[in-house]
2 protein chains.
Amino acid sequence: MRAGRGDRATIVDVARAAEVSRQTVSNVVNSPHRVAPATRARVTAEIHRLGFRPNQAARSLKKERAGTWGVQLDTRTVGQLGSILDRFLVELTTRSAPRDHHILPFVAPDVADPMAAYQEILAGQLADGFVLTDTRYEDPRPAWLLDRQVPFAAFGRIWDDPAVTAWVDVDGAAGTEAAVRHLASEGYERIAFLGWPAGSAVGDDRREGWRRAVVALDVGDAEWAAESEQQLELAALAAAPLVEVVGSGGAIVCASDALALGAWRSLHERGLRPGLDIGLVGFDDSDIAEALDLTSLRQPITEVAEGILGLLAGEGWGGRLLTPPLVARGSSSRSGRVPTPAAITAGATYPAGDRTTTDGDKR
Amino acid sequence: MRAGRGDRATIVDVARAAEVSRQTVSNVVNSPHRVAPATRARVTAEIHRLGFRPNQAARSLKKERAGTWGVQLDTRTVGQLGSILDRFLVELTTRSAPRDHHILPFVAPDVADPMAAYQEILAGQLADGFVLTDTRYEDPRPAWLLDRQVPFAAFGRIWDDPAVTAWVDVDGAAGTEAAVRHLASEGYERIAFLGWPAGSAVGDDRREGWRRAVVALDVGDAEWAAESEQQLELAALAAAPLVEVVGSGGAIVCASDALALGAWRSLHERGLRPGLDIGLVGFDDSDIAEALDLTSLRQPITEVAEGILGLLAGEGWGGRLLTPPLVARGSSSRSGRVPTPAAITAGATYPAGDRTTTDGDKR
DNA sequence: CATAGGGATATGAACGTTCAAATCGCGGTT
DNA sequence: AACCGCGATTTGAACGTTCATATCCCTATG
């Protein structure tokens, strides 16, 4: 009668059925090599027959580990244009399973005390460690967690402390540099940059890549940069002078797909066509990039997730920068169609069209 | 030395410090009314001083409840244009906390056996119930869960069994109907519909609302409907004949923002302007709707999440249809700017511009 | 032939909490 | 004065697992 309970088998049920002790069943589950093959087979059979799975609470209580990694959902960025949170979360969830862990999403309601939520979770032994996202300058979290010897791994560099290597990040500078080289090789002659106001670590990094490449290839001026927040109108506004300055045959590299969309709109308002008239490259390769045929730098979410979970699980090494592959689409082709046969990448290669989606369902 | 452990206080530590028994501390936490005010104050003080939080594993073990609700992440829809998964997840996460629960996201890797993942979770007592999303015709999950008396609540009707009311849904028909009325009142004279192929419950529902309204107001023909999957190119293709049929001064209601974007593109290719020449209304009010100044029907995610968690917690009642408020933007204004002072809604009213975002950070 | 060694399996205890039942103290009732 | 009732608090047991240790039994070794 108790909801969801039913006939759940415990380790003792299995032990009785297989005529062994509970510890032997435990061993079959946790260290099979310790159990004689014949016994192991018998126990395994009973486990399957009874549908036994160790009770996570009991296991967690005894082992003093939660079997869970916490992930703070950043309520500021969620639902924003070009957010890749959902993809990242799916990757984390998928890849936690083989490591015998689950993902515990949480929000930090108290902006004044951002660590309170972490504190709560630790006090209740709800998570064994944390995945940090959106690291920034003066991020209080790494130091706080280090202090308490709580394991963590970040998507994004620990900007304040180069000694901490518990992170995996995307090499933004390499990305924007690749974008410039790509655009130059496509024949665009003047390449500007649309980024965020200085002071954001990620943004500064991406700008620097553009600057380096533009200087190296002599396809622009370090002054050809504009700034905007993520909002579309602001981005469109900020893009306007850049459009003027690079003119037809020029191009704009953007720090995000959202900014690129702003620029895209700015072009349209002037009757200019992305790609044909002015090249455009975004960053993140979010859903809109694909939708608007916008060339973008693809966040290697899968590899990032894998790397981070590896760090949390104590495998692998940190401090790694992954190069975001460039996904070439129409917005960086002067002929209007996807230019090079395959994407220009420094790492993995993605098919030019990148229409590898699993056939879409509704909603 | 053990990572993350440190000096975590247990209930006995608190009991000793406050000079009471463990059960009294437990009572202070779980049923404060049973404890004399003076004692309660003393215990509460010690709880705060020691930073005590009940160990979730121990609690869960004893109570035989996980303190968790499972949410399957649909890997087919995630990352798609206009996905609202991340917003929904944030709402669920936020609103689970006051109900003393957490959200357990999981994926079902085995497409052949979609219930395997649910089975696993139940067997391990990892969740007390499930939040279902993307319900459809012949969804195996409700029956399976009912069979096992596992609590669940769905975002989306249980289409196959009207007797089951463990759901909250958005009234798609009412939404598209409101869209038609809105467009008609804005002066659009011929209103078509771009939806998904028949057979998807959500899609059929949304189409029906359009059909009803168009007939009632005499602003269209039931034949003026086209079908497309979520992919942009296909949508643009499917929209083309509709554009022809309604012509300038006509409008198109779409079953999703992604489809609307397809239509939007189709308009642009013909040199037609959304709003000024042809009205356009999407569905979901996802990030792109806001970005492209696209009128859309807003999924009342907050209310849905609240309703669903209420059902899981045993409060409230199910079988509720929430009316999606229409968020009017430029794409449904013949003058090109947002028409009515406020959105036309049947429930909550949203500011016309709907720029109520919390100042955006990067990434 | 006794015994050491060691692989396979079993037993006792503990993780931290809550439930059920027992105990305590005290004012009110007969 | 003895007892009842009741609120406040305590005690014993149990949730299901794993760790540490103990036991068993068989083979190899001197």
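Residue positions are given per chain, counted from 1 along the sequence in the order it is written. Chain A is the first chain written and ligand 1 is the first ligand written, with later ones labelled in order. In view of the model being predicted, local features appear only for residues whose pLDDT reaches at least 70, and side-chain atom pairs are presented and counted only at 80 or more, with totals across whole chains, interfaces and linings using the full set of residues. Water and hydrogen atoms were dropped before computing side-chain values, which therefore reflect all heavy atoms in the structure.

1. Some remarks on the protein's contact with DNA strand D
Put simply, the rule is: When we say a residue is near a molecule or strand, we mean one of its heavy atoms is within 4 Å of it. Here a polar contact is taken to be a pair of N or O atoms separated by no more than 3.5 Å, where protein atoms must pair a possible hydrogen donor with a possible acceptor and residues adjacent in sequence count only if both atoms sit in side chains. Helix and strand assignments follow DSSP, with helices taken as H or I runs no shorter than four residues and strands as E runs no shorter than two, numbered in order from the N terminus. Lys, Arg, Asp and Glu make up the charged group, whereas Ala, Val, Leu, Ile, Met, Phe, Trp, Tyr, Cys and Pro make up the nonpolar group; the residues left over, Gly among them, are polar.
As a structural note, the neighbourhood of DNA strand D is formed by 27 residues, with I11, Q23 and S26 of chain A together with R22 and T39 of chain B the closest of them. Within 4 Å of the protein, atoms of DNA strand D come from sugar and phosphate in 57% of cases. The contact in question runs from a base nitrogen of DNA strand D to an N or O atom on the side chain of Q23 of chain A, over 2.5 Å. Here N55 of chain A contributes a backbone N or O atom positioned 3.2 Å from a phosphate oxygen of DNA strand D. Going through the elements one at a time, α2 (22-30) and α4 (56-63) of chain A together with α2 (22-30) and α4 (56-63) of chain B are the ones with two or more residues in the surface near DNA strand D. Its residues assigned to classes, the surface near DNA strand D comprises eight nonpolar, nine polar and ten charged.

2. Some points on the domain arrangement of chain A
Note the threshold: Domain delimitation follows an automatic or database domain assignment.
According to the domain assignment, chain A contains domain 1 (11-54), domain 2 (68-170) and domain 3 (172-299 + 325-332). Inter-centroid distance (C-alpha atoms) of domain 1 of chain A to domain 3 of chain A is 59 Å.

3. Things to note about the environment of S256 of chain A
Residues and elements named next belong to chain A. Applicable threshold: Relative accessibility decides the category of a residue: with a 1.4 Å probe and only protein chains considered, values under 20% of the type maximum give buried, values over 50% give exposed, and everything between is partly exposed.
With respect to the element layout, S256 can be found in the loop between β8 (250-254) and α11 (257-269). On the accessibility criterion, S256 (1% relative accessible area) is buried. From its side chain, S256 meets the backbone nitrogen of A258 in a polar contact 3.4 Å long. Here the side chain of S256 touches L259 through a polar contact of 3.1 Å, landing on its backbone nitrogen.

4. Some details on the protein's contact with DNA strand C
Around DNA strand C, the surrounding shell holds 28 residues, and the nearest of these are S21, R22 and T39 of chain A together with I11 and Q23 of chain B. Counting only atoms of DNA strand C within 4 Å of the protein, the fraction found in sugar and phosphate groups is 60%. In this structure, Q23 of chain B approaches DNA strand C through a side-chain N or O atom, which is 2.5 Å from a base nitrogen. Between DNA strand C and N30 of chain B, the relevant distance is 2.9 Å, taken from a phosphate oxygen to a side-chain nitrogen or oxygen of the residue. Contributing elements (two or more residues each) for the surface near DNA strand C: α2 and α4 of chain A together with α2 and α4 of chain B. Grouping the constituent residues of the surface near DNA strand C by class yields nine nonpolar, nine polar and ten charged.

5. Some thoughts on the packing of aromatic side chains
The cut-off we apply is this: Two rings from Phe, Tyr or Trp (for Trp, the six-membered ring) form a pair when their centres are within 6.5 Å of each other. A pair whose planes differ by under 30 degrees is stacked, one over 60 is edge-to-face, and the rest are tilted. Both a distance and an angle decide whether a charge sits over a ring: NZ of Lys or CZ of Arg must be within 6 Å of the ring centre and within 35 degrees of the ring normal.
Counting across every chain of the model gives 13 aromatic pairs over all chains. Between F88 of chain B and F155 of chain B the ring centres are 5.1 Å apart and the planes differ by 50 degrees, which places this aromatic pair in the tilted class. Placement of F88 of chain B in helix α5 (residues 85-96) and of F155 of chain B in strand β4 (residues 152-155) is noted, with a sequence separation of 67 residues between them. Here the two residues F88 of chain B and F155 of chain B agree in accessibility, since each one is buried. Taken together, the ring pairs connect F106, Y118 and F130 of chain A into an aromatic cluster. Over the ring of Y188 of chain A we find R334 of chain A, and its NZ or CZ is 5.6 Å from the ring centre. A cation over an aromatic ring shows up here: R148 of chain B above the ring of W144 of chain B, its NZ or CZ 3.8 Å from the ring centre.

6. Quick look at the interface of chain B and chain A
Inclusion rule: Any pair of residues with heavy atoms lying within 4.5 Å of one another is described as a contacting pair. In this description, buried area is defined as the sum, over both parts, of the accessible area (probe of 1.4 Å) that is lost when the two are combined. For this document, the term salt bridge refers to a Lys or Arg side-chain nitrogen within 4 Å of an Asp or Glu carboxyl oxygen.
Each partner contributes to the interface: chain B provides 78 residues, whereas chain A provides 79 residues. Interface area, chain B with chain A, both sides summed: about 7000 Å², of which 57% is carbon and sulfur. Between chain B and chain A we count two salt bridges in total. Salt-bridge contacts for E120 of chain B lead to R53 of chain A; the nearest nitrogen and oxygen are separated by 2.5 Å. The tally of links from chain B across to chain A stands at eight residue pairs in polar contact (both at pLDDT 80 or more). Looking at the side of chain B that touches chain A, the elements with two or more residues in it are α4, α5, β2 (102-106), α6 (116-123), α9 (201-217), α10 (232-246), α11 (257-269) and α12 (287-291) of chain B. The element contributing the most residues to the side of chain B that touches chain A is α5 of chain B, with seven residues.

7. A closer look at the relation of the copies chain B and chain A
Quick reminder of the rule: Copy-to-copy superposition: least squares on the C-alpha atoms, limited to residues that have pLDDT of at least 70 in both copies.
In the superposition of chain B on chain A (RMSD 0.1 Å, axial shift 0.0 Å), the rotation amounts to 180 degrees. This pairing of chains is accounted for by a two-fold axis. Of every C-alpha in chain B, the one belonging to A57 of chain B sits nearest the axis of rotation, 2.3 Å from it. When the interface residues of chain B are mapped onto chain A, 100% of them again fall at the interface, so both copies present the same face.

8. What to know about empty space enclosed by the protein
Cut-off, in case you're wondering: Every definition here rests on a 1 Å grid over the protein atoms only: cavities are sets of points where a 1.4 Å probe fits but cannot get out, pockets are open sets enclosed by protein on both sides within 12 Å along at least five of seven lines, and lining residues have some atom within 4 Å of a point. Grid points are joined across faces, edges and corners, and a volume is the space filled by probe spheres set on the points.
The full count for this structure, using the stated rule, is seven cavities of 30 Å³ or more. Put simply, the largest cavity is a space of about 350 Å³. If you trace the largest cavity, you find 22 residues lining it, with Q56, A66 and T68 of chain A together with A66 and T68 of chain B closest to the centre. Elements supplying a minimum of two residues to the lining of the largest cavity: α4 and β2 (102-106) of chain A together with α4 and β2 of chain B. Per-class residue counts for the lining of the largest cavity are ten nonpolar, twelve polar and no charged.

9. Let's talk about unusual backbone geometry
Even without being glycine, D284 of chain A reaches a positive phi, approximately 120 degrees. Unlike most non-glycine residues, D293 of chain B shows phi in positive territory, near 60 degrees.

10. Here we look at the pairing of strand β6 (residues 190-195) of chain A
Residues and elements named next belong to chain A. So the rule is basically this: At least two DSSP bridges between two strands are required for those strands to pair. Look down the strands so they point away from you; if going from the first strand over the helix to the second traces a clockwise path, that crossover is right-handed.
Along β6, five of the six residues are buried, which leaves the element largely enclosed by surrounding structure. Where β6 meets β8, five bridges bridge the pair, whose relative direction is parallel. Following the sheet pairing, R190 is matched in β8 by G250. Relative to strand β7 (residues 225-227), β6 is paired through three bridges, and the arrangement is parallel. Note on β7: the bridge partner recorded for L194 is A226. Each parallel crossover has a hand, and for β6 linked through helix α9 (residues 201-217) to β7 it is right-handed.

11. Quick notes on the pattern of salt bridges
Under the criterion given, the structure shown has 44 salt bridges over all chains. Between D277 of chain B and R273 of chain B there is a salt bridge, with its nearest N and O atoms 3.0 Å apart. For D277 of chain B, a relative accessible area of 12% gives the class buried. The exposure class assigned to R273 of chain B is partly exposed, which follows from its relative accessible area of 44%. Through salt bridges with shared partners, one network takes in E91, R95, R99, E306 and E315 of chain A.

12. Focus on α11 of chain B
Residue and element names in this part refer to chain B. Which entries qualify depends on this criterion: The span you would expect from a helix comes to 1.5 Å times its residue count less one.
For α11, spanning 13 residues, the distance from its first C-alpha to its last is 18 Å, which sits close to the expected 18 Å at 1.5 Å a residue. α11 sits mainly inside the fold: ten of its 13 residues count as buried. Where α11 is concerned, the buried positions are D257, A258, L259, A260, L261, G262, A263, W264, S266 and L267. A distance of 3.3 Å separates the backbone nitrogen of A258 from a side-chain oxygen at the start of α11, and that oxygen is part of S256. One or two positions beyond α11, positive phi appears at G271, with a value near 75 degrees.

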